[in-house]
Amino acid sequence: MGYTGYGDSREDASSAQSLSGGMIEGMAESTDGSAGRGPDEGMDKGLGENLSKDPNKNLKKVSGRGLKGVSGGSLGDIFPDLQGPESPVISGVAHDSSEALVTLRGILDEPGLAAHVFAQFAKAGVNIDMVVQALGRNDNGSRTADISITFPEAQIGTVRELAESAKGQLGYSSADVNPSVGKVSLIGVGMKTHPGVTAQFFEALSREGINVLMISTSEIRISAIIPLDMLACGVRAVHTAFGLDSEGTQAIVYAGSGR
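Reading guide: rules and limits
- Residues numbered from 1 in each chain as written.
- Predicted model: local features only at pLDDT ≥ 70, side-chain atom pairs only at ≥ 80, totals over all residues.
- Heavy atoms only, no water.
- UniProt positions renumbered as here; feature names shortened; annotations may be inferred.
- Buried < 20%, exposed > 50% of the residue type's maximum accessible area, 1.4 Å probe, protein only.
- Helix = DSSP H or I, 4+ residues; strand = E, 2+ residues; numbered from the N terminus.
- Arc of directions from axis to C-beta.
- Contact = heavy atoms within 4.5 Å.
- Salt bridge = Lys/Arg side-chain N within 4 Å of Asp/Glu carboxyl O.

For the protein chain, an unreviewed UniProt entry supplies the name aspartate kinase and the organism Scardovia wiggsiae F0424. Per UniProt, the protein chain has the following entry under Sequence similarities (unreviewed entry): "Belongs to the aspartokinase family."

So this is what it looks like as structure tokens:
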């Protein structure tokens, strides 16, 4: 099973169109309890006459004007599940064994320096995945930043050369390059609005004695960079913690970039 990720614009657009189109068709058939009518029957007068071939525009018209017999006309009235926080739905676990990590330490915490770091990476053609910055102080008491970046392991030679040649320009005190890392990600929806999902993810890794090197989160993903030799163990631990290997559940483990 291929994994295109949630950022595939063509697939997302197609899915959204299919979903919204199906919702409009269902609304047209069930508004007044009748089935098989055209879109201009069973709705507010005039709405059906102005329906567009674009289902996304139709959805906006329906949600904005409301439907006959529905108080308030909101989609939450028609579909109660749309009211309030969505329930967490975990769709799978992704992992990536093709990444490397570089940490630039002791960069002065001044405006523009981080931008300069990323400009140098871009100029060298390095693809950046995750970024984490940690603040600290040097021996002189000045505020500094440690910037950790993950990138494709295939570009590790380019990053090593950049770290050596641009040290003066970037102004860091030391650079550590680690090729032995992997990324494990939990993918789903509703995680942001339900406390405990992030804790459960990291508790699963902790029980296996897995040290977390970097953390990144979004509305649909929790990702951790961990030692490469613990990646398979980490994937199994997260898989089990969220019941993805329980009886009767088809579990999916996505490999690849995990983006």
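### Quick word on helix 5 (residues 156-165)
One turn of an α-helix holds 3.6 residues; hence residues three or four places apart share an orientation. All of the buried residues in helix 5 are Ile-156, Val-159, Leu-162 and Ala-163. Take helix 5 and look down its axis: the buried residues cluster within an arc of 120 degrees, on one side only. Along helix 5, the residues that are exposed and aim more than 90 degrees away from the buried face are Glu-161, Glu-164 and Ser-165. The elements touched by buried residues of helix 5 are strand 2 (99-108), helix 4 (113-123), strand 4 (143-152), helix 6 (167-170) and strand 5 (174-178).

### Comments concerning the pattern of salt bridges
Counted according to the given criterion, the structure contains six salt bridges. A salt bridge links Arg-105 to Asp-146; the nearest nitrogen and oxygen atoms lie 3.8 Å apart. With a gap of 41 residues between them, Arg-105 in strand 2 and Asp-146 in strand 4 connect regions that are remote in the sequence. With a closest N to O distance of 3.2 Å, Asp-109 and Arg-143 form a salt bridge. Of this pair, Asp-109 sits in the loop between strand 2 and helix 4 while Arg-143 sits in strand 4, placing them 34 residues apart in sequence. The structure contains a network of salt bridges with shared partners spanning Glu-99, Asp-129 and Lys-183.

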